[in-house]
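The lines below spell out each chain.
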Amino acid sequence: MAAVTLLFSVSSLGMAQESFTLRLAQTWGPNSPILGETTEHMAQMAEEMSGGRLKIRIDSANKHKAPFGIFDLVRNGQYDMGHTASYYYKGTIPNAMYFTTIPFGLIAPEMYAWFYHDKGMELMQKVYEPYGLLSFPGGNTGNQMGGWFNKEINSVEDLKGLKMRTPGFAGEVMAELGVAVTNLPPGELYTALERGTVDAVEWVGPALDFPMGFHQIAKYYYSGWQEPGAEVQFLINQKSWDKLPKDLQAILRIAMRTAAYDMYIQTTHESGVAWDRMKEDYPNVTHKTFPPEVIEAMREATDKLLAEAAEKDELAKEIINSHFDYLKQVRQWTNISDKAYLDSVAGQ
């Protein structure tokens, strides 16, 4: 049974109205910047817009002890909702990972356009419906950095045998290139890098990397290729959703969508602030981009693995084709607008 709690309140007209308390489990720890703030903002908006009829109680990873178990917690009804990233569950539902990001794929504005104005939401629901779940975009980090490395990467050979934390499809690509890939919970990343358990860590970008302290350990900070627009998600148990009246469903949709947008712009702001501070206080940190040879190898491995996934699974093929068909269309506009502008004012 889903964990939704029903209460009753009396309106100003004297009519009894149902009130609901939903329990939400998140991957992130307590007081997690940006990611944790996103769920808090969503819950606050839902309560305010509903006049107190919809409350959401948030449990962080330290409470439920399953940072990568949100999918099961919500599916099994132990929680009504979750906030996590779909690519953490690629072992259980491989097709879910494409709704976080695809290497060399859509950037954040393009991703949102695919979700809300093309086939993204429809395909995502096609993946989650068999599990009794609804999934909604839960916030985008924008283009993520390629990671913190203890050594410079000058060739594909430098990747071989490297121990690295990187999740999702990117992890499969790096493994294809000889990297020993692992996926660790956020709370373990600093210690793993400090102790040499891993040689490199990919987390997010300056906004979330700076508070983690990776710059105190690793010198080389690489721009990304693997998560051009990384979207986290809100998961909802279908039975919990069905118990909500239509007006509260609408309020929850609006709260989730607004909180997701807020996360994207907050990350943009905080990354600018954090990078400026990092350059000032830690001048030894060196920003790098992967050499063309390495990028080309990553792209070839990505294309190979995507083709294999599409060949094995019709739904994977439908999702991948939809993603890149949409990219082909929308990227023309991105190239003559944002990219052209940035190229034309380079150096300013």
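Rules behind the numbers
- Residues numbered from 1 in each chain as written.
- Predicted model: local features only at pLDDT ≥ 70, side-chain atom pairs only at ≥ 80, totals over all residues.
- Heavy atoms only, no water.
- Buried < 20%, exposed > 50% of the residue type's maximum accessible area, 1.4 Å probe, protein only.
- Helix = DSSP H or I, 4+ residues; strand = E, 2+ residues; numbered from the N terminus.
- Pairing = 2+ DSSP bridges.
- Core = buried A, V, L, I, M, F, W, Y, C linked by side-chain atoms within 4.5 Å.
- Contact = heavy atoms within 4.5 Å.
- Salt bridge = Lys/Arg side-chain N within 4 Å of Asp/Glu carboxyl O.
- Axes fitted to C-alpha atoms, helices over the stretch in contact; angles between N-to-C directions.
- Left-handed = near helix turned anticlockwise from the far one by under 90°.
- Nonpolar A, V, L, I, M, F, W, Y, C, P; charged D, E, K, R; others polar.
- Expected span 1.5 Å × (residues − 1).
- pLDDT = per-residue confidence, 0-100.
- Phe/Tyr/Trp six-rings, centres within 6.5 Å; stacked < 30°, edge-to-face > 60°.

## What to know about the pairing of strand S5 (residues 133-140)
With respect to burial, S5 is a largely interior element, eight of its eight residues being buried. Bridge analysis of S5 against strand S11 (residues 231-237) gives seven bridges, and the strand direction is antiparallel. Bridge assignment links Asn140 to a residue of S11, and that residue is Glu231.

## Some details on the nonpolar core
By size, the foremost hydrophobic cluster in this structure holds 107 residues, and its most contacted members are Met42, Met81, Tyr98, Trp203, Leu252 and Met298. At nine residues, helix H10 (residues 246-281) tops the list of elements feeding residues into this core. Once residues lying within four places of it in the same chain are set aside, the contact partners of Met298 are Phe104, Leu159, Val173, Met174, Leu177, Trp225 and Phe290.

## Overview of the pattern of salt bridges
Per the stated rule, a full pass over the model turns up 14 salt bridges. Residue Arg75 is joined to Asp72 by a salt bridge in which the shortest nitrogen-to-oxygen separation is 2.6 Å. Taken together, the residues Arg75 and Asp72, both in helix H3 (residues 70-75) and three residues apart, mark about one turn of the helix. For Lys90, the salt bridge identified is with Glu172, shortest N-O distance 3.4 Å. Here Glu172 lies in helix H6 (residues 168-176) and Lys90 lies in the loop between strand S4 (81-84) and helix H4 (108-117), a separation of 82 residues in the sequence.

## Section: the packing of helix H1 (residues 35-49) against H10
In the contact formed by H1 and H10, the axes pass within 8 Å of each other and the chain directions differ by 145 degrees. Judged by the sense of rotation from one axis to the other, the crossing of H1 with H10 is right-handed. Only Ile251, Leu252, Ile254, Ala255, Met256, Thr258, Ala259, Met263 and Gln266 of H10 make contact with H1, whose side of the interface consists of Leu35, Glu37, Thr38, His41, Met42, Met45, Ala46 and Met49. Partitioned by chemical class, the residues of the contact of H1 with H10 number 12 nonpolar, four polar and one charged.

## A short note on helix H11 (residues 292-312)
Look at H11: 30 Å from first C-alpha to last across 21 residues, which is about the 30 Å you get at 1.5 Å a residue. Regarding H11, the residues found buried are Val294, Ala297, Met298, Ala301, Thr302, Leu305, Leu306, Ala309 and Ala310. Tucked inside the fold, the buried residues of H11 contact H6 and helix H12 (314-344).

## Details of the environment of Met278
Relative to the assigned elements, Met278 resides in helix H10. Judged by relative accessible area, which is 0%, Met278 ranks as buried. Met278 sits 72 residues away from Pro206 along the chain, and the two C-alpha atoms are 8.3 Å apart. Filtering out sequence-adjacent residues up to four positions away, Met278 remains in contact with Trp148, Pro206, Phe210, His215, Pro283 and Val285.

## Notes on the confidence of the model for the chain
Per-residue confidence for the chain gives a mean pLDDT of 94, with 95% of residues at or over 70. When the criterion is pLDDT under 50, residues 8-14 qualifies, and its contacts beyond four places in sequence or with other chains add up to 10 contacts.

## So, the packing of aromatic side chains
One pair of aromatic rings is described through two measures. These are the centre distance and the angle between the planes. For the structure shown, the criterion picks out 17 aromatic pairs. Taking the centre distance of 6.4 Å and the plane angle of 80 degrees together, the rings of Tyr88 and Tyr89 count as edge-to-face. A relative accessible area of 12% places Tyr88 in the buried class. Residue class for Tyr89 comes out buried when judged on its relative accessible area of 4%. When the ring of Tyr222 is compared with that of Phe290, the centres are 4.4 Å apart and the planes differ by 20 degrees; the resulting orientation is stacked. Of this pair, Tyr222 sits in strand S10 (residues 220-222) while Phe290 sits in the loop between strand S12 (286-288) and H11, placing them 68 residues apart in sequence.

## Overview of the sheet that holds strand S8 (residues 180-182)
An order of S8-S7-S9-S6-S10-S12 is seen for the six strands of this open sheet, with the pairing classed as mixed. The strands lining the two open edges of the sheet, one partner per strand, are S8 and S12. With three bridges joining them, S10 and S12 adopt parallel strand pairing. Considered in S12, the bridge of Tyr222 is made with Lys288.

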